Amino acid sequence: MRVLVTGGAGYLGSIIATALEQAGHQPVILDSLVRGRREFVANRVFYEGDIADRPLLEKIVADHEIDRTIHCAALIVVPESVQEPYRYYVNNVAKSLELCQHLTDLGRPRVVFSSSASIYAFSDQFEVDESAPLAPTSPYARTKMIMELALRDLAAATDLRTIMLRYFNPIGSDPEFRSGIYDPVPSHVLGRLVAAAEGRIDAFEITGTDLPTRDGTGLRDYVGAWDLARAHVAAVERFDDVLAAEDAPSSVINLGTGSGVTVRELLATFEEVYGRPVPTREKPPRPGDAIGAYANVDKAHRLLDWRAEQSLADGIASALEWGRRRASVLPDLATD
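What counts, and where the lines are drawn
Residues numbered from 1 in each chain as written. Predicted model: local features only at pLDDT ≥ 70, side-chain atom pairs only at ≥ 80, totals over all residues. Heavy atoms only, no water. Helix = DSSP H or I, 4+ residues; strand = E, 2+ residues; numbered from the N terminus. Rg over C-alpha atoms; globule rule 2.2 N^0.38 Å. Buried < 20%, exposed > 50% of the residue type's maximum accessible area, 1.4 Å probe, protein only. Contact = heavy atoms within 4.5 Å. Areas by Shrake-Rupley, 256 points an atom, 1.4 Å probe, with all protein chains shown as cover. Lys, Arg positive; Asp, Glu negative; His and termini not counted. Charge placed at Lys NZ, Arg CZ, Asp CG, Glu CD. 1 Å grid on protein atoms, 1.4 Å probe; cavity = no way out; pocket = protein on both sides within 12 Å on 5 of 7 lines; lining within 4 Å. Points joined across faces, edges and corners; volume = space filled by probe spheres on them. Salt bridge = Lys/Arg side-chain N within 4 Å of Asp/Glu carboxyl O. Expected span 1.5 Å × (residues − 1). Axes fitted to C-alpha atoms, helices over the stretch in contact; angles between N-to-C directions. Parallel < 35°, antiparallel > 145°, perpendicular 65-115°, else oblique. Left-handed = near helix turned anticlockwise from the far one by under 90°. Nonpolar A, V, L, I, M, F, W, Y, C, P; charged D, E, K, R; others polar. Pairing = 2+ DSSP bridges.

Trainee: Is there a simple way to explain the overall build of the protein chain in this structure?
Mentor: Looking only at helices and strands, the protein chain features 11 helices and 15 strands. The C-alpha atoms of the protein chain give a radius of gyration of 19 Å, which matches the 20 Å a tight globule of 336 residues would have. Seen through its principal axes, the protein chain has C-alpha atoms that stretch 55 × 45 × 40 Å. Split into buried and exposed, the 336 residues of the protein chain put 53% on the buried side. Here the contacts in the protein chain between residues at least 6 apart in sequence split such that 78% fall between residues at least 24 apart. Put simply, the protein chain shows about 13700 Å² of open surface, and 48% of that area lies on carbon and sulfur atoms. The protein chain carries 35 positive and 48 negative side-chain charges, and their two centres are separated by 2 Å.

Okay, here's the thing in structure tokens:
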């Protein structure tokens, strides 16, 4: 199949494109390069532009007769979304709606949407399935919830068909280290652990130490980026079967490992893999931070025949190795 990947020059989008190629499909990349990296495009078909640009989408569809779209393009930094909510709503909601409407008008209505587990409400059970209550705590998370609601309404009223994949916390890189996290100092927890280990920041900050978890720190479900990419391939290949099984024009599926890890537990595993201690300090929670949850993945197994295969240690080792190789792929970051 020919699969349009919006945000395909980004961290996860580029890894998803690799997984599509390995499964025999052709990714067609659309990315504005506002955050993505041209180096991650490699020799793939690439269009630089905005996801809401209808003439550009018309050209892409005419050139390649797109079968499916994987919509990854989004702004994703939680603290930034608190500071710049308008920018997040425009990019993540308004432009995404334009993209989906244009694709439907062009007769290419099958869309796999990158959503987020950050939309879930806190549960003292911590495990959440797709029917669990929603209560996003940041503008970023709210953009994902709003898009899910909008896509569900559009699918009910139009020819649009959508599978919404709720990611838990991606870790690691492309398995052959061709792409990975590219921000010199990422906002997410594992990226900041790597940055502290490499000396790019002076300490790893444990943000929140009196939360209602087993050790007071936030709890997350860390799922390997390559595992997430494999799930997208399964969603593309099984798209019609998934919706038929659901007897619905849209579906929501969790993607995680099915187990939760606290920040202190992550730090302990990181230091074990890394082989030495990482400087740390404790701070209050950041604006918009969620207490956390982990995925019930029964639906992903049933509908996509998918389960995560990478361990937490595998993901950490992958992130560390990408950190060592990053400058050879992205030379402009070598001195950051």
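Trainee: Please explain empty space enclosed by the protein as it appears in this structure.
Mentor: Gaps between atoms show up when a probe of the same size as a water molecule is rolled over them. Under the defined criterion, the tally for this structure stands at one cavity of 30 Å³ or more. A volume near 160 Å³ is recorded for the largest cavity. Where the lining of the largest cavity is concerned, the elements lending two or more residues are β8 (169–171), α6 (189–198) and α11 (312–329). In terms of residue count, α11 provides more of the lining of the largest cavity than any other element does, four residues in total.

Trainee: Just checking my understanding: could you explain the pattern of salt bridges for this structure?
Mentor: A side chain with one charge can pair with a side chain of the opposite charge if their charged atoms come near. The tally for this structure, following the rule as stated, stands at 29 salt bridges. For R200, the salt bridge identified is with E198, shortest N-O distance 2.5 Å. R200 sits in the partly exposed class, given a relative accessible area of 23%. In this structure, the salt-bridge partner of E321 is R324, at a minimum N-O distance of 3.0 Å.

Trainee: For this particular structure, what's the right way to read helix α4 (residues 85–105)?
Mentor: Residues spaced three or four apart along an α-helix face the same direction, because each turn holds 3.6 residues. Its 21 residues give α4 an end-to-end C-alpha distance of 29 Å, which sits within 8% of 30 Å, the value for a rise of 1.5 Å per residue. Taken together, the buried positions of α4 are occupied by Y88, N92, V93, S96, L99, C100, H102, L103 and T104. Once α4 ends, the next one or two residues include G107, with phi positive near 75°.

Trainee: What am I meant to see in the side chain of S250 here?
Mentor: Along the polypeptide, S250 turns up in strand β12 (residues 250–255). Overall, S250 belongs to the buried group, its relative accessible area being 11%. Filtering out sequence-adjacent residues up to four positions away, S250 remains in contact with R152, A155, T162, M164 and L243.

Trainee: Even after reading the chapter, I still don't get the packing of α6 against α11, so can you show me in this structure?
Mentor: To describe two helices that pack against each other, one gives the angle between their axes and the distance between the axes. Axis separation between α6 and α11 bottoms out at 10 Å; the angle between their running directions is 50°. Here α6 lies oblique to α11, going by the angle between them. Read as a crossing pair, α6 and α11 show a hand that is right-handed. In contact with L190, V194 and E198 of α6, α11 contributes G315, I316, A319, L320, G323 and R324. A class-by-class count of the residues in the contact of α6 with α11 yields five nonpolar, two polar and two charged.

Trainee: Please explain unusual backbone geometry as it appears in this structure.
Mentor: With the exception of glycine, the majority of residues adopt a negative phi angle, and the majority of peptide bonds are in the trans configuration. Despite not being glycine, L33 has its phi angle at roughly 65°, a positive value. For L33, the position within the fold is in the loop between β2 (26–31) and β3 (45–48). With a phi close to 50°, D247 is a non-glycine residue in the positive phi region. By secondary structure assignment, the location of D247 is in the loop between α8 (239–246) and β12. With relative accessibility at 71%, the residue D247 sits in the exposed group.

Trainee: Looking at this structure, how should I read the pairing of strand β5 (residues 110–116)?
Mentor: Counting buried residues in β5 gives six out of seven residues, a clear majority hidden from the surface. Pairing analysis gives three bridges linking strand β4 (residues 68–71) to β5, with the strands arranged parallel. If you follow I70 over to β5, its bridge partner there is V112. Note that β5 and strand β7 (residues 161–167) share seven bridges and pair parallel. Counterpart to F113 in the pairing with β7 is M164.

Trainee: Before we go on, may I ask you to explain helix α7 (residues 225–237) in this structure?
Mentor: Taking 1.5 Å as the rise per residue, α7 with 13 residues should run 18 Å; its terminal C-alpha atoms sit 19 Å apart, in good agreement. Burial analysis of α7 places 11 of its 13 residues in the buried class, which makes it a mostly covered element. Of the positions making up α7, those classed as buried are A225, W226, D227, L228, A229, A231, H232, V233, A234, A235 and V236.

Nothing here speaks to function; it is all geometry.
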